[in-house]
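Structure at a glance
Given next are the chains, with one letter for each unit.
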Amino acid sequence: MRGIRSAADIACFAFVSFFSLFSVGYADSMVIPSSVYSRDYEAIKAVDGSHETRWASKPSDRTTFTLDFGKSVAIDELAIHWEHAYSSDFQIQTSEDGKSWSTLFHQQDGRGGIDRLKNLSGKGRFFRIDCLKASNAHQHVSIWEITFSNPQITELLLVAAKQHLLQAGPVMSVVEARTQLAEHDVKEVVFATREDGKDGHWYANIGYWSYDENDMLYGRGGRLCKLNIETGELVTLIDDPKGTVRDPVVHYDAKKILFSWRQGDSRTFHLYECDMRGENITQLTDGEYDDIEPCYLPDGGIIFVSGRGKRWVNCWLTQVAILFRCDGDGKNITQLSANIEHDNTPWVLPDGRIVYQRWEYIDRSQVNYHHLWTMNPDGTNQMIYFGNLHPGGLFIDARPIPNSDNLVFINSPGHGSREHSGHVAIVDSNRGPDDQGALVNLSDDATFRDPWPLSSDLFLVARGRQILAMNGHGNSTSIFALPDSFDKDVRLQEPRPVIRRQREQVIATHIDPAKTTGLMILQDVSLGRNMDDVKPGEIKKLLVLESLPKPINFTGGMDPLTYGGSFTMERILGTVPVESDGSAFLELPANRSLFFVALDKNDHSVKRMQSFLSVMPGEVQSCVGCHEQRGTAASYSIDPGGLMALQRAASVPKPMDDIPEVFDFPRDIQPLLDKHCCSCHNQTEPAGDVVLTGDRGPMFSHSYVNLTIHQQFIDGRNLPKSNYAPRTIGATASPLMKKLDGQHYDVKLSPHEQKMIRYWIETGACYPGTYAALGHGSIGGYQQNKQFNEDKDWPTREAFSRVITQRCTECHQRELDLPTPTTMSDEIGISFWNFEVSDPRFKFSRHRMFNLSEPEKSRFLLGALSKEAGGLGLCSEVVFTDTQDADYQSLLAHIAAGKEFLETKVTRFDMPNFRPRDEYFREMKQYGILPKSFNPKTDPFDVYQLDREYWKSLWYQPLDE
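Residues numbered from 1 in each chain as written. Predicted model: local features only at pLDDT ≥ 70, side-chain atom pairs only at ≥ 80, totals over all residues. Heavy atoms only, no water.

Going by an unreviewed UniProt entry, the protein chain carries the name Translocation protein TolB and comes from Novipirellula herctigrandis.

Right, here's the structure in full:
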């Protein structure tokens, strides 16, 4: 039995509708999950009547969700609204005693969405969903809502809601709020107003869309204001209706304000200061790149976030901003971060370190890891503060709570919300970076922004057009709202009290700006989490890789770099030795995004980092082991001077001169497949239903697609998962490697050929070896998550679709229950960026069915053509007895049109006449890689060389250079 999945399926249900429940009490004794991922996803949220809140479990092989109604009730109809993390194998059960269970329904082929279950005819005091298996893309399960048709159950849940209301914390009145603010000497508050950014992502409010440099992302209506809380007087310090004001910070002495301002006649944000009257305005920074989110440093400098890093979001169409610092007058700007994704909202902790949001994803999900990190004000000692191991939530706008070890921050659900909106949350720093119980959401809803802590029981926050005071129970009251004279589209942002603050501790610098490298000391690579199966001395070397920034990007997926895998290309710097005691001593290039793969004596990968590290010039950094807990020291005492690696000079990564630094699949891997594999795995003899020819499909080659969907290489697959067990990710875990040494039909590649494939896998198994391929070379490719360069309007499309519908679709649906693409762009419901490779629909995926190198060898044609006529005869009944059939010719004509379109209109990176999109050249000119006079139509170019020059331009250079 398969449930119907549609929003309309549940129209007849009597929905549970009541307030969200959080407190321990009746509600929590009624709702009993086997686990809860975090407080954001408590079990009560699966039955709170809201489809905007959800329960999520922790990763587990088996998960249960139980309701105790307190008495026996009838269960006949219900609907389960799964989040993306659904259960593909689950049972619906009831029990009278919670021990002996009766199964009413067993779903063994779940596909998520909405499961509507009827005629269950069950009864019991206890109700349970027993999730026996999570979907392949996730290791946990999550439910938006469970709805029941029985009004008796609705009534029981309403009782629980009323009980919860009785347990709510104290409400804060306006009078009490103002009294408490006065007790903290808060008489005035400064804030900014502006329209929200034009894109829904939290970071996309600077710069322009990649496809149109004149389509800007920022909002307008900029003002810097000061409010007198006692009198209600509102003073506008800066009013720039066409400009944008953001991120005000009051100086330690409360005599001046630091802020970011894009003036109305400019496209770019820069840092400014003014006095408390809005006078004596001084511009601190200038240039072509945005400077935002500044913070005063106790040493007199300023730390801020800037687009000066010259890189683009790996999974979107906007520019990246990372951490920089400058002197108090804006001079001596220095890059602190090597991140190839966003850093945000730096702030100084009492001990002088900087806490900030760092978004990163090395071979894992792009939407789950944007958490809190720390660094010293000179960029050294970058370390996780909270998060990174466990997926979920955007942690941003963090501030230390006075007289406490805790931080307040915004926990913006999922991948984050526009302008950082989210829950006001607190994290207990004493519980370490991985303890999910250390995070507590104060606010029930996720509409707040910009928290400022005055004490553990008093916070200033913004929401919409208001400033609110919030107490430690999460209850809030408005103390100010923008008057109607302000444009209706502007929002109030970043309320900051005008109070004196004590300077934090000053940390002396640990960098040497004259050097281009830093040092890394690794104590014992065999120590750490999830390393139990690694024997001492097993790891012999470290492969040093660099995650490469993008000069441009066009969509939210990873195409065409990979099919569901990495979003970036990775570069081989080389290997360094690991001593027999597990120690290593490395000299690494400064301010680059690096990570390691631990290799054994045979160069087989044992363990892989999925987070980057970097060293500042002259920095000496150390770590205990591999994936060790950052909050703990080694499990035994050791004299660092006794480490074997420290008895010699630091090891510079030794390059591999016989393989590429950056792999390109058609150039480097396809010739090996042609030589050793294609005699058996070709279009006309696809052994095992696997084709390994380099023929082009609508987006990838057939070989690349087949290796992907047949899981011949094991990568991170864009999954919300980290710290894999040893030897379960990378080349060692990849079935393809076991087919190269003679075990697979005596196919034996040379040691060098095996090395080529091994390190292609270790570097992310990308398809192109150049970022110039982005946004180009595909039929039905993606821009801003929408398909473009489609074939729907081609003259040959109508006849093609008619033939498929009349002669293929019905049979495929009836006999195989599978859809068939009716155009070259038709994904037949398979998500491009978040799919399961075991999906049976891949049998007829467009990426396999169309051959744009040799149209007559397309699977659409060979599969339907009789063997006697030279086809494969795969259909249960012969569709075409010969190639002269008019319908056969209609199919061939459309595919041939695709070949022509690819070769003349949207050339691919591996074609002789390839020319990237104009936006690629535009950015290369902006970065100074190409001269402004460059004309791609007439001037020669080498995109591989341009990429290398772009990356090299980002390398750290000593100040005197």
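Next comes the rest of the description.
1. So, the overall build of the protein chain
Scanning the protein chain from N- to C-terminus turns up 12 helices and 44 strands. The C-alpha atoms of the protein chain give a radius of gyration of 30 Å, which matches the 30 Å a tight globule of 961 residues would have. The C-alpha extent of the protein chain, read off along each of the three principal axes, is 90 × 80 × 60 Å. Considering only contacts in the protein chain between residues 6 or more positions apart, those separated by 24 or more positions represent 65%. Surface accessibility of the protein chain: about 36,400 Å² in total, with carbon and sulfur atoms responsible for 49%. (Helix = DSSP H or I, 4+ residues; strand = E, 2+ residues; numbered from the N terminus. Rg over C-alpha atoms; globule rule 2.2 N^0.38 Å. Contact = heavy atoms within 4.5 Å. Areas by Shrake-Rupley, 256 points an atom, 1.4 Å probe, with all protein chains shown as cover.)

2. Describing the domain arrangement of the protein chain
By a widespread convention, an interface's size corresponds to the accessible area lost as its parts come together. Looking at the protein chain, the domain boundaries give domain 1 (31–168), domain 2 (174–497), domain 3 (677–906) and domain 4 (918–954). Taken over C-alpha atoms, the centre of domain 1 sits 38 Å from the centre of domain 2. With 5 residues of domain 1 at the contact, the number on the domain 2 side is 11 residues. Approximately 750 Å² of surface area, both sides summed, lies buried where domain 1 meets domain 2, with 35% of it carried by carbon and sulfur atoms. Here domain 1 is connected to domain 2 by 0 salt bridges. Counting across the domain 1 and domain 2 interface gives 2 residue pairs in polar contact (both at pLDDT 80 or more). (Domains from an automatic or database assignment. Buried area = accessible area lost by both parts, 1.4 Å probe. Salt bridge = Lys/Arg side-chain N within 4 Å of Asp/Glu carboxyl O. Polar contact = N/O pair within 3.5 Å; in protein donor to acceptor, adjacent residues only side chain to side chain.)

3. Topic: helix 7 (residues 797–816)
The end-to-end C-alpha distance of helix 7 is 25 Å, clearly below the 28 Å that 20 residues give at a rise of 1.5 Å each. Where helix 7 bends most, at C808, the angle is about 45°. If you check which residues of helix 7 are buried, you get F800, S801, V803, I804, C808 and H812. Buried residues belonging to helix 7 abut helix 9 (859–864) and helix 10 (886–904). Of the residues flanking the end of helix 7, it is D817, one or two places downstream, whose phi is positive at about 55°. (Expected span 1.5 Å × (residues − 1). Bend = angle between axes of the 7 residues up to and from the residue. Buried < 20%, exposed > 50% of the residue type's maximum accessible area, 1.4 Å probe, protein only.)

4. Section: the pairing of strand 16 (residues 256–262)
Most of strand 16 sits inside the fold, with 6 of its 7 residues counted as buried. Here strand 15 (residues 244–250) runs beside strand 16; their pairing, made up of 5 bridges, is antiparallel. By the bridge assignment for strand 16, T244 is matched with R262. In this structure, the hairpin formed by strand 15 and strand 16 is closed by a connection of 5 residues, where A254 is found at a positive phi of approximately 60°. Here 6 bridges tie strand 16 to strand 17 (residues 270–275), and the two strands are oriented antiparallel to one another. Across the sheet, the residue bridging to W261 is H270, located in strand 17. (Pairing = 2+ DSSP bridges.)

5. Observations regarding the side chain of D559
Inspection of the secondary structure puts D559 in the loop between strand 37 (541–547) and strand 38 (570–577). Summary of buried charges: D559 has no salt-bridge partner, and the nearest side chain of opposite charge, R846, is 7.4 Å away. Ignoring anything within four residues of it in the chain, the contact list for D559 reads M699, L774, Y782 and F832. (Lys, Arg positive; Asp, Glu negative; His and termini not counted.)

6. Brief notes about unusual backbone geometry
Peptide bonds are mostly trans, and most non-glycine residues show a negative phi. With an omega dihedral of -5°, the bond running from D559 to P560 counts as a cis peptide bond. Relative to the helices and strands, P560 resides in the loop between strand 37 and strand 38. A positive phi angle, close to 50°, is found at E293, a residue other than glycine. Looking at the element boundaries, E293 is found in strand 19 (residues 291–296). E293 sits in the buried class, given a relative accessible area of 5%. The phi dihedral of N530 falls on the positive side, at around 60°, and the residue is not glycine. Mapped onto the fold, N530 is located in the loop between strand 36 (517–522) and strand 37.

7. Some points on the packing of helix 4 (residues 665–676) against helix 6 (residues 751–762)
In contact at an axis separation of 11 Å, helix 4 and helix 6 are set at 135° when each is read in the N-to-C sense. With respect to their mutual orientation, helix 4 and helix 6 come out oblique. The chirality of how helix 4 crosses helix 6 is left-handed. Residues F665, D668, I669, L672, K675 and H676 of helix 4 lie in contact with helix 6, whose contacting residues are E753, M756, I757 and W760. Grouping the amino acids of the contact of helix 4 with helix 6 by side-chain chemistry returns 6 nonpolar, 1 polar and 3 charged. (Axes fitted to C-alpha atoms, helices over the stretch in contact; angles between N-to-C directions. Parallel < 35°, antiparallel > 145°, perpendicular 65-115°, else oblique. Left-handed = near helix turned anticlockwise from the far one by under 90°. Nonpolar A, V, L, I, M, F, W, Y, C, P; charged D, E, K, R; others polar.)

8. Here's the deal with the packing of helix 7 against helix 10
With their axes 8 Å apart at the nearest point, helix 7 and helix 10 run at an angle of 130° to one another. Here helix 7 lies oblique to helix 10, going by the angle between them. In this structure, the crossing between helix 7 and helix 10 has a hand that is left-handed. Between helix 7 and helix 10, the residues in contact are R797, A799, F800, R802, V803, I804 and R807 and D887, S890, L891, H894 and I895, respectively. Residues that form the contact of helix 7 with helix 10 fall into these classes: 6 nonpolar, 2 polar and 4 charged.

9. So, the nonpolar core
Ranked by size, the top nonpolar core spans 192 residues in total, and within it I467, L542, Y563, L586, L588, I757 and W760 carry the most contacts. Ranked by residues supplied to this core, first place goes to strand 40 (residues 594–599) with 6 residues. When sequence neighbours within four positions are dropped, the list of residues in contact with L586 reads G518, L519, M520, L542, V544, V576, F596, A650 and S651. (Core = buried A, V, L, I, M, F, W, Y, C linked by side-chain atoms within 4.5 Å.)

10. Looking at the sheet that holds strand 2 (residues 55–56)
Note on sheets: strands pair through backbone hydrogen bonds, and any given pair is parallel or antiparallel. The strand order across the open sheet formed by 4 strands is 2-9-4-7, and the pairing between neighbours is antiparallel. On the outer flanks of this sheet lie strand 2 and strand 7 (114–117), each paired with one strand and no other. Here strand 4 (residues 78–82) runs beside strand 9 (residues 142–148); their pairing, made up of 5 bridges, is antiparallel. The residue bridging H81 from the neighbouring strand is E145, located in strand 9.

11. Looking at the side chain of D89
Its location among the elements puts D89 in strand 5 (residues 87–95). One buried charged side chain, D89, makes no salt bridge at all; its nearest oppositely charged neighbour is K133, positioned 7.1 Å away. There is a polar contact of 2.7 Å between the side chain of D89 and the side chain of H106. Sequence-distant contacts of D89, defined by excluding residues within four places in its chain, comprise H106, Q107, Q108, D130, C131, L132 and K133.

12. Describing the confidence of the model for the protein chain
Confidence along the protein chain averages 92 in pLDDT terms, with 94% of residues attaining 70 or more. Within the model, pLDDT remains below 50 along residues 632–638, and this stretch shows 9 contacts once partners closer than five positions in the same chain are excluded. (pLDDT = per-residue confidence, 0-100.)

13. Re the sheet that holds strand 39 (residues 584–589)
Pairing is mixed across the open sheet formed by 3 strands, whose spatial order is 39-36-42. Only two strands of the sheet have a single neighbouring strand rather than two, namely strand 39 and strand 42 (620–623). Adjacent strand axes in the sheet meet at a mean angle of 25° when their direction is disregarded. As defined by bridge partners, strand 36 adjoins strand 39 across 6 bridges and the pair is classed as antiparallel. The partner of I521 across the bridge, within strand 39, is F585.

14. A look at the packing of aromatic side chains
Evaluated as defined, the whole model comprises 52 aromatic pairs. Here a set of aromatic residues connected by ring pairs shows up, and it is made of Y563, F665, F700, Y704, F713, W760, Y767, Y782, F832, F835, F842 and F909. Across the ring face of F486, the terminal group of R223 is positioned such that the distance to the ring centre comes to 3.9 Å. It is R917 that lies over the ring of F554; its NZ or CZ is 3.8 Å from the centre. (Phe/Tyr/Trp six-rings, centres within 6.5 Å; stacked < 30°, edge-to-face > 60°. Lys NZ or Arg CZ within 6 Å of the ring centre and 35° of its normal.)

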